[in-house]
Each structure stands twice: as C-alpha cells, then as structure tokens.
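The residues making up each chain are set out below.
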Amino acid sequence: MDKPPVETPERRAFYEKIDKQNMTALWTVMSGLVTPEPKSDCRPVGWRFDEIRSAMIEAGGLITAKEAERRVLILENPGLRGQSKTTTSLYAGVQLVLPGEVAPAHRHAQSALRFVLEGSGAYTAVSGEKTVMRPGDFVITPQMAWHDHGNETDAPMFWLDGLDIPLVQFLDASFAEGLGEDCQEITRETGQSYAEFGHNLMPVDAPRGGNVSPIFNYPYEEARATLETMKRGQPHDPCHGWKLRYTNPLDGGWAMPTIGTFIQLLPAGATTPYRATDATVFTCVEGRGKSRIGDEEIAWGPKDIFVVPAWWPVVHEAAEEAVLFSFSDRPVQEKLGLWRERRGNV
Ligand code: 1HN
C-alpha cells in the first residue's frame, strides 16, 4: 500500500486493454484508496461574517426568499469547489430572511440544523409547530419534516444552515417535495415540544428511541448557563475547554442521526493539540481568538465560521473566554466504528 508498482510497457499495454472493458488493476490505485491516515481535499478555511453579511444583503436586493425558495449562500470549501460541500460529508450555508418574507414549506430526505447568528424573533415551523429563533439557538429540521420559515420582525435574520447533503448524495437517497403553500398548517402550540421533552420529563408513553430528538429548538440561554455551571464545577479539558454535545432526550444519543452538534466554552489561552476523523464546522458565538490548523491560522470572532478538516491537528487559542458551536458527521462515523481521535502532539 506504499507506492504503485513500476510501470513496464507490457503492464501499460495491459492496463489500456482492460480499461476498454471497464476494469482497472487494483495495484495501480491501491495506495490512493487505502491510505495510512485520512487524506482529503477538504481544506482549513474561514469566513468572516461581515463579508458574508454584506454579500447576503446584496443577494437580498437581487432575489426574494420566496423566489429563491431558500436565500442561502453556500460556504464552499476551497478544496471542494463546485460541489456544494463545506466538508467532504457536510454542507453549510448562511441564510437570510428579510422582514415580511417567508421561505415556503417543503420537505426533503436531508436533515438540517440552524444556528442563529443575527436577528431575533423570526420563526421556523417544523412538523406543525413553530419555534421562535434567537441568537445562539440550535434548531433541528428532521429528515422529511415539513418546514417553512418566516420573519415577522423588523430586522433581517441570519442563520447558519448545516445539512447532510453530501452524505445523502453519496448514498443516492435524496427525496424532496414542495407543499405548494407558503406556510404549513400549525397544529401545536409554540414551545410544546420543549415543554414536553426539554425538562427531564416526557409524556409517559413516548417511544424510548427514535433517531432524532423531539426537541427541535435548543435555546442558547440554557446551553450557555450549563457551560457556566460546568466552569465553576470542574477543571476544563485541555483540548476542548468545557464542551457539551446536544442530546436526544429519548435515548441520550445524538440529537440528529447524521450530524453531531456541540457547544464549548474555551478559557483564554491555547488548547492542547487535538485531531479527530470528523471534519468539523465551527462558528464563534462569543469572544475571539484564532485556531491553528496544521500550518494554517484562522482568526475568528462572533459569527465567523471556520472548518477543521478530518485528522488535521487543531489548537484553539482564545484571546478571551470564547464560546464555539460546532457540527460534524461524528454520529455516522461512530455508528460505523470509524471515529477516532488523538490528543496531544503525536
Ligand atoms: C433547505 O431546505 C433549507 O429549509 C436551507 O432553510 C438550505 C439547502 C439545500 C437543500 C435544502 C431550509 C437548504 C435546504
């Protein structure tokens, strides 16, 4: 699995002959297929929110949310341009809904998350229930759930979208349909899911499983308060600071089947180097700093977004206490027995 064997004229002629029969000799490609360590075209990259924001405001003058269906600028990884990918397996974009706009109801096999960046009070409706979105809230749209968004406030709303589009594309399992209406019928009280499942209680006959959390808005206020309590109660992890994962209360597992979601509080200073097989999309919620990813350095502040590719060592250096939200394909890798991490400089 080191390097392909040398090519001789006889071998070359053979390869050309079998090529016409849709065959390839494994030994000519094996070293690129079965690599000793993860090898990816995904690159470390960062986007400043200021730049995204001004491009989105410009987009807002060019097309309505309704005409676009979703007015989103895709954050394309520079190593994966033209593929609508932010990492090899995940997509990220920033969405703008202007005052008075609606993004019409549709549903699809791809799972989506929203992480609110700017604006407060717009809603998303998911499976018959609305939730009001505030900065730092993490919102889930499960696969094949009807969803539409609306902004009845007087300020633009921006959020980060994370979807498993490349994963679903890889598996050729995409289905999608429009409802034919702007807004779906609302059948549940706003906040009902959180009331029923968000407080260490659940309806007595709720199923003890299910691959997605019945909570579809995890408010920032509570995640932030938990981080603060952790900070008082225990020393921080050298690689992560104080880090939480969002869970599904039905089974304690991941909130979403294909995307792992996390929030962490970094103390001022540098973390210990860390690498893992799940390429991760980060956004800063509070504070500022920079991350050294291999030999690259990416500076970040509130609402900026950056990518740490699979198996690249990362050191986060917070200039002041900072909060980062992040997401990756870790649940998929764990289910397949593939996920690995390495702590420290080895
Ligand atoms: C989608 O449904 C949304 O509902 C956002 O806000 C981004 C990207 C591709 C396909 C569907 C949304 C999307 C998307």
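Residues numbered from 1 in each chain as written. Predicted model: local features only at pLDDT ≥ 70, side-chain atom pairs only at ≥ 80, totals over all residues. Heavy atoms only, no water.

## A short note on the sheet that holds strand S8 (residues 138–141)
This is how it is decided: For two strands to be treated as a pair, DSSP must find at least two bridges joining them. Where helices and strands are cited, they refer to DSSP runs of H or I of at least four residues and of E of at least two residues respectively, numbered from the N terminus. Here a residue-residue contact requires only that any non-hydrogen atoms of the pair lie within 4.5 Å. Between N-to-C directions, angles cover 0 to 180 degrees, with each direction set by a line fitted to C-alpha atoms, over the stretch in contact for helices.
Across the sheet, which stays open at both edges, the six strands sit in the order S2-S3-S10-S5-S8-S12 with antiparallel pairing between neighbours. Both outer strands of the open sheet, strand S2 (72–74) and strand S12 (217–218), are each paired with one neighbouring strand and no more. Here strand S5 (residues 112–118) runs beside S8; their pairing, made up of four bridges, is antiparallel. Following the sheet pairing, Ala112 is matched in S8 by Thr141. Strands in contact with helix H3 (residues 49–62) are S2, strand S3 (91–97), S5 and strand S10 (157–163); relative to S3, the strand with the most contacts, it is inclined by about 55 degrees.

## Some words on the site of the ligand
This is how it is decided: Definition of nearness: a residue and a molecule or strand are near each other if at least one heavy atom of the residue lies within 4 Å of the molecule or strand. Each polar contact in these results corresponds to two N or O atoms within 3.5 Å; when the atoms are within protein, one needs to be able to donate a hydrogen and the other to accept it, and residues that are neighboring in sequence are counted only if both atoms are side-chain atoms. The Shrake-Rupley method, run with a 1.4 Å probe sphere, supplies the accessible areas, and residue values consider only the shown protein chains as cover.
Every residue near the ligand is listed here: Arg70, Tyr91, Gln95, His106, His108, Arg114, His147, His149, Asp161, Leu163 and Ile165. Between the ligand and His108 there is a distance of 2.7 Å, counted from an oxygen atom to a side-chain nitrogen or oxygen. Here an oxygen atom of the ligand and a side-chain polar atom of Arg114 are 3.0 Å apart. Taken by itself the ligand offers 330 Å² of open surface, and the protein chains cover 83% of this.

## Section: the sheet that holds strand S17 (residues 280–286)
Ordered in space as S1-S20-S17-S22-S14-S13, the six strands form an open sheet in which the pairing is antiparallel. At either margin of the open sheet sits one strand with a lone partner, and together these are strand S1 (45–47) and strand S13 (242–245). Averaged over neighbouring strand pairs, the angle between their axes works out to 20 degrees when direction is ignored. Bridge count between S13 and strand S14 (residues 260–266): four bridges; the pairing is antiparallel. Bridging from a neighbouring strand, Lys243 pairs with Gln264 of S14.

## Let's talk about the side chain of Asp137
For clarity, the cut-off: Under the scheme applied here, a residue whose accessible area is under 20% of the maximum for its type counts as buried, over 50% as exposed, and between as partly exposed, the area being computed with a 1.4 Å probe on protein chains only. Positive residues here are Lys and Arg, negative ones are Asp and Glu, while His and the chain termini are left out of the count. Any Lys or Arg side-chain nitrogen located within 4 Å of an Asp or Glu carboxyl oxygen qualifies as a salt bridge.
Among the secondary structure elements, Asp137 is positioned in the loop between strand S7 (129–132) and S8. Despite its burial, Asp137 remains without a salt bridge, the nearest opposite charge being carried by Arg134 at 5.1 Å. In this structure the side chain of Asp137 is engaged in a polar contact, spanning 2.9 Å, whose partner is the backbone nitrogen of Tyr220. Setting aside chain neighbours within four positions, we find Asp137 in contact with Arg114, Phe115, Val116, Val132, Asn217, Tyr218, Pro219 and Tyr220.

## Focus: the environment of Trp146
By the secondary structure assignment, Trp146 is in the loop between S8 and strand S9 (147–150). Between the alpha carbons of Trp146 and Gly128 there is a distance of 7.9 Å; along the sequence they are 18 residues apart. Non-local contacts of Trp146, meaning those with residues more than four positions away in its chain, are made with Ala105, His106, Arg107, Ala125, Val126, Ser127, Glu177, Gly178, Leu179 and Gln184.

## What to know about H3
Going by this rule: To estimate the expected span of a helix, subtract one from its residue number and multiply by 1.5 Å. Arc definition: it is the arc formed by the directions from the helix axis to the C-beta atoms.
Here H3 is 14 residues long and its end C-alpha atoms lie 20 Å apart, about the 20 Å a rise of 1.5 Å per residue gives. All of the buried residues in H3 are Phe49, Ile52, Met56, Ala59 and Gly60. Buried residues of H3 fall within an arc of 105 degrees about the axis and therefore sit on the same side. The exposed set on the far side of H3, more than 90 degrees from its buried face, consists of Asp50, Glu51, Glu58, Gly61 and Leu62. On its buried face, H3 is in contact with S1, S2, S3, S5, S10 and strand S20 (305–308).

## Here's the deal with the pattern of salt bridges
For the coordinates displayed, the defined rule picks out 21 salt bridges. The residue Arg53 makes a salt bridge to Glu118 at a minimum N-O spacing of 2.8 Å. Here Glu118 lies in strand S5 and Arg53 lies in helix H3, a separation of 65 residues in the sequence. Glu321 serves as the salt-bridge partner of Lys231, at 2.8 Å between the closest nitrogen and oxygen. Residue Lys231 is found in helix H7 (residues 220–233), and its partner Glu321 is found in the loop between strand S21 (314–318) and strand S22 (322–328); the two are separated by 90 residues along the sequence. Three or more residues are tied together by salt bridges with common partners; here these are Arg224, Glu228, Lys231, Glu286 and Glu321.

## A word on the packing of aromatic side chains
Aromatic ring pairs are reported here in terms of the distance separating the ring centres and the angle at which the planes meet. How we decide: Note on ring pairs: Phe, Tyr and Trp rings are taken, using the six-membered ring of Trp, and paired if centres are within 6.5 Å. Classes follow the plane angle, with under 30 degrees stacked, over 60 edge-to-face and the rest tilted. Remark: a charge is flagged as sitting over a ring if the NZ atom of Lys or the CZ atom of Arg is within 6 Å of the ring centre and within 35 degrees of the ring normal.
The tally for this structure, following the rule as stated, stands at 13 aromatic pairs. Plain terms: the ring middles of Tyr218 and Tyr246 are 5.4 Å apart, the flat faces sit at 85 degrees to each other, and that makes the pair edge-to-face. Note that Tyr218 is positioned in strand S12 and Tyr246 in the loop between S13 and S14, a separation of 28 residues in sequence. Given the relative accessible area of 6%, Tyr246 is considered buried. Members of the aromatic cluster, each reached through a chain of ring pairs, are Phe115, Phe138, Tyr218, Tyr246, Phe325 and Phe327. Sitting above the plane of the Phe262 ring, Lys243 keeps its charged end 4.7 Å from the centroid. The ring of Trp254 carries the charged tip of Arg245 above its face, separated from the ring centre by 5.0 Å.

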